[in-house]
Amino acid sequence: MDGTSPLTPESIQLAAASGPRRAHRKSRLGCKTCKSRKIKCDERKPACGNCIKHNVECDFAVPRVQALPASSSLLDLNLDHLELLHNYTTSTYATLSESPALRDFYRITAVQLGLKCDYVMRALLAISSLQLAYYRPHMREHYQSVAMHHHQIASRVAINLMQDVNPSTAENLFLFSTLTIFYAFGCPRRDDHLLLVGEGEIPSWLLLHQGTRALTELASAQVDNPLAPLFKHGADRWRAREIQRQTTSSAHQHLDRLQTLIEHDELDEMLRNTYTQAITELHKSFLAMNCDTGRTYDVMDLFVWVFEVAEDFLPLLRAPTQNAVTILAFFCVLLKGLKSQWWLHGWADHLIAKSYTFLDREHRLLIQWPMEEIGYIP
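J.: Explain the overall build of the chain to me, please; I cannot follow it from the model alone.
T.: Looking only at helices and strands, one finds 18 helices and zero strands in the chain. Split into buried and exposed, the 378 residues of the chain put 48% on the buried side. With the model as given, the accessible surface of the chain reaches about 20300 Å², and the carbon-plus-sulfur share is 54%.

J.: How should the environment of Met121 be read in this particular structure?
T.: With respect to the element layout, Met121 can be found in helix α6 (residues 118-135). Expressed as a C-alpha distance, the spacing of Met121 and Leu85, which sit 36 residues apart in the sequence, is 8.9 Å. With sequence-adjacent residues up to four places away left out, Met121 is seen in contact with Leu85, Val111, Gly114 and Leu115.

J.: Is there a simple way to explain the pattern of salt bridges in this structure?
T.: Side chains bearing opposite charge may pair, as long as their charged atoms lie close to each other. All told, the structure shown has eight salt bridges when counted by the stated rule. Two residues, Lys284 and Glu281, come together in a salt bridge whose shortest N-O distance is 3.5 Å. Taken together, the positions of Lys284 and Glu281, both in helix α13 (residues 269-290) and three residues apart, correspond to about one turn of that helix. For Lys284, a relative accessible area of 18% gives the class buried.

J.: Which parts of the structure should I look at to understand the side chain of Thr109?
T.: Residue position: Thr109 is located in helix α5 (residues 100-116). With a relative accessible area of 18%, Thr109 lands in the buried category. Beyond its immediate sequence surroundings of up to four residues, Thr109 is in contact with Asp104 and Pro226.

Rules used throughout
- Position labels on residues start from 1 in each chain and follow its written sequence.
- Local features in a predicted model are, by the rule used here, given only for residues with pLDDT of at least 70; side-chain atom pairs are given and counted only at 80 or more, and totals for whole chains, interfaces and linings are based on all residues.
- In computing side-chain properties, one takes all heavy atoms of the structure into account and sets aside hydrogens as well as water.
- Here a strand is any run of E in DSSP of at least two residues, a helix any run of H or I of at least four, and the numbering for each starts at the N terminus.
- The classification of residues rests on relative accessible area computed with a 1.4 Å probe and restricted to protein chains. Under 20% of the type maximum is buried, over 50% is exposed, and intermediate values are partly exposed.
- To be clear on the numbers: accessible area is Shrake-Rupley with a 1.4 Å probe, and residue cover counts the displayed protein chains and nothing else.
- By definition in these notes, contact holds between two residues if any of their heavy atoms fall within 4.5 Å.
- By convention in these notes, a salt bridge is any Lys or Arg side-chain nitrogen within 4 Å of a carboxyl oxygen on Asp or Glu.

Structure, rendered in structure tokens:
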């Protein structure tokens, strides 16, 4: 009330009822990412909701080293970690390959290596947590947060070691880069990323697989190599791709048409060769998927294409070109062929939709076949 207003019983009663204004609670405990973006942080740990939503690094995930008492007890056990490890060794490992030999490798050998290497173990726990997030939707945010927490910590170490790979680190780094493919596919998809290669604090599978050839040579050269089952299975699938077959399919007809157009229209010789190689490797992948030898189409067939084109083609998806995205649309059909894997669920539809949105009218006509195979309707 102003100074000229008379005091009346009614005004006094109204003022008493309204009481003092409630002060706004301003938290100073939010993460640095939310503070820098000037948005409210929900302060959830190990990663806040905003950071999980945008798939960016949350400083809550930075590990805090605590001294452990000299004598430990059951109370010192991290039951969350044990839950994830139990889930991995009883369920997750079996979803990473159809090969019995590789399933044994992921269940036994990978865990043994993880017990000796922190960033490998964290990669295993991160994948396990993503699987739990997929099958327990009521706790999805929690498990996604835990997965991000483990993989961010692991990535910091692995990326630093990647700068100077040597025989003593090659095995663990190769296994970590392989596990990161599963992690990258299993992560929640971000709408602001065109494909699989968006910028962010967490290194994408693209970054980890540039230079994979050198890493493979170092890792595979080790005596009594614990990764031998992984390399042997990959070599077997690679050799099967190289077998000359007379079989053709509609995929090959459309790939041939695409290659003819690129060879005619692309003036840059280096780009033209890169596109041609990627298409050639796709031909082999489709032959592996459509062959009549009774083989089951395996996730390794998918990874072989990634491996073959990692050095030259995949970087073109950083700043996507029309031809690169068109070629990737055909790769989506291979993804659809592995639809039984939880970590691949929805990726083919996501990528084909993103590709269609990015492409111009001329190139959209070139991906009609992949769209029909996947069942995508714009």
